[in-house]
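An overview of the molecular structure
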Amino acid sequence: MQSSACILSQKRKERFVPGPVRSKPCFRCEKAKLSGREKEEARERRQGGHCRLASDLYVSPDTAFLVAPLLPPLRSSSRFPDFDQGGSMHSTNLLLEEPIRMVSILEPSKPSFFPAMTKIVGTLGPKSRSVEVISACLKAGMSVARFDFSWGDIGYHQETLENLKVAVKGTKKLCAVMLDTVGPELQVVNKSEKAILLEADASVILTPDQEKEASSELLPINFTGLSKAVTPGDTIFMGQYLFTGSETTSVWLEVSELKGDDVVCTIKNSATLAGSLFTLHVSQLHISLPTLTEADKKAISTWGVRNKIDFLSLSYTRHAEDVREAREFLSKLGDLSQTQIFAKIESVEGLTHFDEILQEADGIILSRGNLGIDLPPEKVFLFQKAAVYKCNMAGKPAVVTRVVDSMTDNLRPTRAEATDVANAILDGSDAILLGAETLRGLYPVETISTVGRICYEVSLQLNKNGWLKFIVKTLLSPEGNIKRSLPLDLYGYNILQAEKVFNQDLYFKKTVKYVGEPMTHLESIASSAVRAAIKVKASIIICFTSSGRAARLIAKYRPTMPVLSVVVPRLKTNQLRWSFSGAFEARQSLIVRGLFPMLADPRHPAESTGASNESVLKVALDHGKASGLIKSHDRVVICQKVGDASVVKIIELED
Ligand SMILES: Nc1ncnc2c1ncn2[C@@H]1O[C@H](COP(=O)(O)OP(=O)(O)OP(=O)(O)O)[C@@H](O)[C@H]1O
Ligand SMILES: CC(=O)C(=O)O
Ligand SMILES: [K+]
Ligand SMILES: [Mg+2]
């Protein structure tokens, strides 16, 4: 297992190895005791020799053959505890094999009812709070609305939420609500909102005295402990980067002197700061403020309770204890005991405690905005791949932020951003979180639809390959040279699957292996459902669930087809009144890759007993047909309980 700390400790002075760079095991990993399974894996690696290694890393057998002799042999005396896992999280699930016909890339994807499997979280704010814009956002594919309490008051966010409710009714698109806390965020408070001109080489003082007026010489901040936390020579990053998505409104400061509670800084670049709030970021510094601040608690216990928030996005989560405390706080707030906590990893401190945080949290937000400042740039990708992989193995949703900053002011993302979105999905992310782009960007709806189209294209490729529908087979000569490509049906030997971007098979096996044995009954059933669905080329999986657990476990195995998660409400009581469960569970699946929730009518039986009676299954199938997901003669895999037994069924639809 790649330890989070080892991302930071790896040195770049690696010996040149063709293909993916192999890292030295870090001091901590080398010291780490190997578990039984790890020992077994290490043994397998040794036995596998370079060929296995090469075929793991390189996709087509012919390149593997060429590359294998170039790889240094594995030292049998040395352990690479993170390599096998590391290799799998980097590239082995991705199989973009040669030969792909380049012109085929240009073929527009056929309009289809196949949905984008990746979810989009949109932050609602000044440019996205009218009923019209929110409705358009929902239609464009937003399934979770994020309310960022770093700015705006409770009344403002309530107005936006009322509009969201109207939009949900009007569009009939389900949308979950996420409250994003302020947390220990350092902020410059500019009450007058006058633009502040900062010039390179001049001095500016950061003071905790918030009564003072902000100016080019003096900036009041919301934290008293800064002068005790920094030392001369430290750099401080300041600006509206996090809100505007633009780096040109940011300033680098260097601490030159500490005067009591004040911090005197030298300005490193000229910039004009506009607006009422700028965030400060001091690289790799622990801020002695609680993760859940008093202001956050107030927002949660008023706005949060009133609106039954589905997700709490816990900013600057630094330890597992932060999550436990938030959970304890939520547990006393009635319905909010059902709210899921998504830990935001946005500092090196959070990264260091990633594993334990993941155990406590319901999901993870890879807050690349802040973390991107805290981490050396060359380490960001490694964090992303490692963190997403760990989330995938834990079966917990991974959400990636800051993907198309430039769309805040532009109709098109940069090519780097467009590729980044697809890569984040291929890495295994469940959802993409849009911040400044929808909050105060000029094109909130276009941003969602552009990101949605990328998600759709990736999902389509994954599904297409899962079905092996349009696969072109390459024939190899006995020497292993590529002879020509022919359609699948014509020949039956030496297959190289082209146009394949995701090796579901390998992913599945790794996930099963990671869980180990014995597997819980439910996970065994859930993984079998995915296996069966792929083998019989099912169009969808229908999963009955009450707690949402079964559906989440199915999603964990990354089916290539949509999963209709049929949430069956349960009658529950809190001693005072009776109510039905189900609404939270349905909305909370709106952030999980591939899950499409449907709330069942609790009065219906699971299946029809007579021809005429309405059943949950019939409603689900009708819903699938009406939305175009399934049609006559399609196969559908169903995961449900019959009596006491959990079963996986395969049905073939009639005309
Ligand atoms: N109402 C239902 N009708 C039929 N099968 C169901 C129903 N609810 C859940 N199942 C099936 O029961 C199994 C357990 O799933 P899951 O844990 O999600 O449901 P649950 O009802 O919340 O579970 P539990 O019985 O553990 O409380 C799965 O196979 C799931 O498909
Ligand atoms: C969203 C957020 O907080 C970040 O990316 O840092
Ligand atoms: K925030
Ligand atoms: Mg952040």
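Because the structure is a prediction, the values reported are computed rather than measured.

Comments concerning the coordination of the potassium ion (ligand 3)
- Protein-derived ligands of the potassium ion (ligand 3) are Asp148 (OD), Ser150 (OG), Asp180 (OD) and Thr181 (O), with the metal-ligand distances lying across 2.6 to 2.8 Å.
- The sequence pattern describing where the donors of the potassium ion (ligand 3) fall on their chain is D-x1-S-x29-D-T.
- A separation of 5.9 Å is found between the potassium ion (ligand 3) and the magnesium ion (ligand 4). Of this pair, Asp148 sits in strand β2 (residues 142-148) while Thr181 sits in the loop between β3 (176-180) and β4 (186-189), and the two are 33 residues apart along the sequence.
- A residue is classified by how much of its surface remains accessible, and Asp148, at 8% relative accessible area, is buried.

A short note on the site of ligand 2
- All residues adjacent to ligand 2 are Arg146, Lys344, Glu346, Ser367, Arg368, Gly369, Asn370, Thr401 and Arg402.
- Measuring from an oxygen atom of ligand 2, one finds a side-chain N or O atom of Asn370 at 2.8 Å.
- Looking at the shell around ligand 2, its residues break down into no nonpolar, four polar and five charged.

Notes on the nonpolar core
- Within the largest apolar cluster, 68 residues are counted, with the highest numbers of intra-cluster contacts made by Met142, Phe147, Leu164, Ile364 and Phe383.
- For Ile364, the residues in contact, after removing those within four places along its chain, are Phe342, Ala343, Ile345, Phe354, Ile357, Leu358, Cys391, Pro397, Ala398 and Val399.
- Grouped together as the second largest cluster of nonpolar side chains are 37 residues, Ala176, Phe342, Leu553 and Tyr557 included.

Considerations on the coordination of the magnesium ion (ligand 4)
- Distances from the magnesium ion (ligand 4) to its protein donors, Glu346 (OE) and Asn370 (OD1), fall within 1.9 to 2.0 Å.
- Overall, the relative accessible area of 2% leaves Glu346 in the buried class.

Comments concerning the site of ligand 1
- Inspection of the region around ligand 1 gives 13 residues, with Phe544, Thr545, Ser547, Arg549 and Arg570 positioned closest.
- Ser547 places a main-chain nitrogen or oxygen 2.7 Å from an oxygen atom of ligand 1.
- Separating a nitrogen atom of ligand 1 from a backbone N or O atom of Lys641 is a distance of 2.7 Å.
- Starting from 590 Å² of accessible surface for ligand 1 in isolation, the protein chains cover 80%.
- Every element with two or more residues in the shell around ligand 1 is listed here: β20 (540-545), α21 (549-556) and β25 (635-642).
- Top contributing element to the shell around ligand 1 by residue count: β25, with three residues.
- Along the lines of polarity and charge, the residues of the shell around ligand 1 split into five nonpolar, five polar and three charged.

Things to note about the confidence of the model for the protein
- Averaged over every residue, the pLDDT of the protein is 81; the share at 70 or more is 76%.
- A low-confidence stretch, residues 10-34 (pLDDT under 50), is modelled with 43 contacts involving residues beyond four sequence positions or located in other chains.
- Note that pLDDT drops below 50 for residues 466-500; the model gives that stretch 70 contacts with residues more than four away or on any other chain.

Quick word on the pairing of strand β16 (residues 398-401)
- Here β16 shows a buried face lined by Ala398 and Val400 and a second buried face lined by Val399 and Thr401.
- Pairing of strand β15 (residues 363-366) with β16 involves three bridges; the strand directions are parallel. Bridge pairing links Ile364 to Ala398 in β16.
- Two elements, β16 and strand β17 (residues 431-434), share three bridges in a ladder whose sense is parallel. Within the sheet, the bridge partner assigned to Val400 lies in β17 and is Ile432.
- The parallel pair β16 and β17, bridged by helix α16 (residues 415-427), forms a crossover whose chirality is right-handed.

With respect to the pairing of strand β13 (residues 311-314)
- Residues of β13 alternate between two faces, with Phe311 and Ser313 on one and Leu312 and Leu314 on the opposite face, all of them buried.
- Bridge count for β3 against β13 is three bridges, and the pairing is parallel. Within β13, the position partnered with Asp180 by the bridge is Ser313.
- Both β13 and strand β14 (residues 340-345) contribute to a ladder of four bridges, which runs parallel. When the bridges of β14 are listed, Ser313 appears paired with Phe342.

Regarding the sheet that holds strand β26 (residues 645-652)
- If you trace the five strands from one edge of the open sheet to the other, you get β24-β21-β20-β25-β26, paired in mixed fashion. Since the sheet does not close on itself, it has two edges, and those belong to β24 (595-599) and β26, each with one partner. Sheet twist, expressed as the mean angle between neighbouring strand axes with direction ignored, is 20°.
- Pairing geometry for strand β21 (residues 563-567) and β24, over five bridges, is parallel. Bridge pairing links Val563 to Leu595 in β24.
- Sitting on the sheet, α21 touches β20, β21, β24 and β25, and the angle it makes with β20 is about 150°.

Remarks on the sheet that holds β13
- In spatial order, the strands read β1-β2-β3-β13-β14-β15-β16-β17; together these eight strands close into a barrel with parallel pairing. Going from strand to strand, the sheet's axes swing by 25° on average, the running direction of each strand aside.
- In this fold helix α7 (residues 154-171) packs onto β2 and β3, with an angle of close to 170° to the strand it touches most, β2.
- Contacts from helix α10 (residues 294-306) reach β2, β3 and β13 within the one sheet, and its direction differs from that of β3 by about 165°.

Description of the pattern of salt bridges
- Considering all chains together, one arrives at 30 salt bridges under this definition.
- One salt bridge in this structure joins Asp355 and Lys390, with 2.8 Å as the shortest N-O distance. Taken together, the residues span a long stretch of sequence, with Asp355 in helix α13 (residues 354-360) and Lys390 in helix α15 (residues 380-394) at a distance of 35 residues.
- The exposure class assigned to Lys390 is buried, which follows from its relative accessible area of 6%.
- Here Asp420 ties to Arg368 by a salt bridge, and the two come within 2.6 Å at their closest N and O atoms. Of this pair, Asp420 sits in helix α16 while Arg368 sits in helix α14 (residues 368-374), and the two are 52 residues apart along the sequence.

Some thoughts on helix α11 (residues 320-331)
- In a regular helix each residue adds 1.5 Å, so 12 residues correspond to 16 Å; α11 covers 17 Å between its end C-alpha atoms and thus fits that length.
- Buried within α11 we find Ala320, Asp322, Val323, Ala326 and Leu330. For α11, the buried positions fall inside an angular range of 155° around the axis, keeping them on one side.

Thoughts on the packing of aromatic side chains
- On inspection of all chains with the given rule, the structure shows seven aromatic pairs.
- Ring plane angle 65° and centroid distance 5.0 Å describe the contact between Phe149 and Trp303, whose orientation is recorded as edge-to-face. Remark: Trp303 occurs in helix α10 and Phe149 occurs in the loop between β2 and α7; sequence separation between them is 154 residues.
- Residue class for Phe149 comes out buried when judged on its relative accessible area of 9%.
- Of the residues examined, Trp303 reaches a relative accessible area of 1% and is grouped as buried.
- Seen in terms of ring centroids, Phe311 and Phe342 are 5.1 Å apart; in terms of plane orientation they differ by 75°. Their pairing is edge-to-face. With Phe311 in strand β13 and Phe342 in strand β14, this pair connects stretches of sequence that are 31 residues apart. For the residue pair Phe311 and Phe342, the accessibility class agrees, reading buried in each case.
- Among the aromatic residues, ring-to-ring pairing joins Phe147, Phe149 and Trp303 into one connected group.
- The lysine or arginine in question, Lys119, covers the ring of Phe596, its NZ or CZ lying 4.5 Å from the ring centre.
- The ring of Phe584 is capped by Arg587, whose NZ or CZ atom sits 5.5 Å from the centre of that ring.

Cut-offs and rules
Going along each chain's sequence as written, the residues are numbered from 1 onward. Each chain takes a letter, starting from A, and each ligand takes a number, starting from 1, following the order in which they are written. For this predicted model, a pLDDT threshold of at least 70 governs which residues receive local features, and a threshold of 80 or more governs which side-chain atom pairs are given and counted, while totals over whole chains, interfaces and linings are taken from all residues. To obtain the side-chain values, all non-hydrogen atoms of the structure were used and water was disregarded. Listed donor atoms are N, O and S within 2.8 Å of the metal (Na, K and Ca: 3.2 Å). As water is not included, a site may look incomplete. Segments assigned H or I by DSSP are reported as helices when at least four residues long, segments assigned E as strands when at least two residues long, and all are numbered from the N terminus. Burial classes follow relative accessibility: with a 1.4 Å probe on protein chains only, a residue under 20% of its type's maximum area counts as buried, one over 50% as exposed, and anything between as partly exposed. When at least one non-hydrogen atom of a residue lies within 4 Å of a molecule or strand, that residue is treated as near it. Each polar contact in these results corresponds to two N or O atoms within 3.5 Å; when the atoms are within protein, one needs to be able to donate a hydrogen and the other to accept it, and residues that are neighboring in sequence are counted only if both atoms are side-chain atoms. Residues are grouped as follows: Ala, Val, Leu, Ile, Met, Phe, Trp, Tyr, Cys and Pro are nonpolar; Asp, Glu, Lys and Arg are charged; every other residue, Gly included, is polar. Only buried Ala, Val, Leu, Ile, Met, Phe, Trp, Tyr and Cys residues count toward a nonpolar core, and they belong to the same one when joined by side-chain atoms within 4.5 Å. Contact criterion: two residues are considered in contact whenever any of their non-hydrogen atoms come within 4.5 Å of each other. Surface accessibility in these figures is a Shrake-Rupley result with a 1.4 Å probe; residues are shielded only by whichever protein chains are displayed. Per-residue confidence from the prediction method is given by pLDDT, with values spanning 0 to 100. Two strands pair if DSSP finds at least two bridges between them. By definition, the crossover connecting two strands over a helix is right-handed if that path, from the first strand to the second, turns clockwise as seen with the strands pointing away from the viewer. Structural elements are reduced to axes, namely lines fitted to C-alpha atoms, with helices fitted over the stretch in contact, and the angle between N-to-C directions of any two is expressed from 0 to 180 degrees. The rule for a salt bridge is simple: a side-chain nitrogen of Lys or Arg has to be within 4 Å of a carboxyl oxygen of Asp or Glu. Any helix carries an expected span of 1.5 Å times its number of residues minus one. As used here, the arc is the angular range of directions from the helix axis to the C-beta atoms. Classification of ring pairs rests on two measures: the distance between centres of Phe, Tyr or Trp rings, Trp counted by its six-membered ring, which must be within 6.5 Å, and the angle between planes, read as stacked under 30 degrees, edge-to-face over 60 and tilted in between. For a lysine, the NZ atom is tested; for an arginine, the CZ atom; a charge sits over a ring if that atom is within 6 Å of the ring centre and within 35 degrees of the ring normal.

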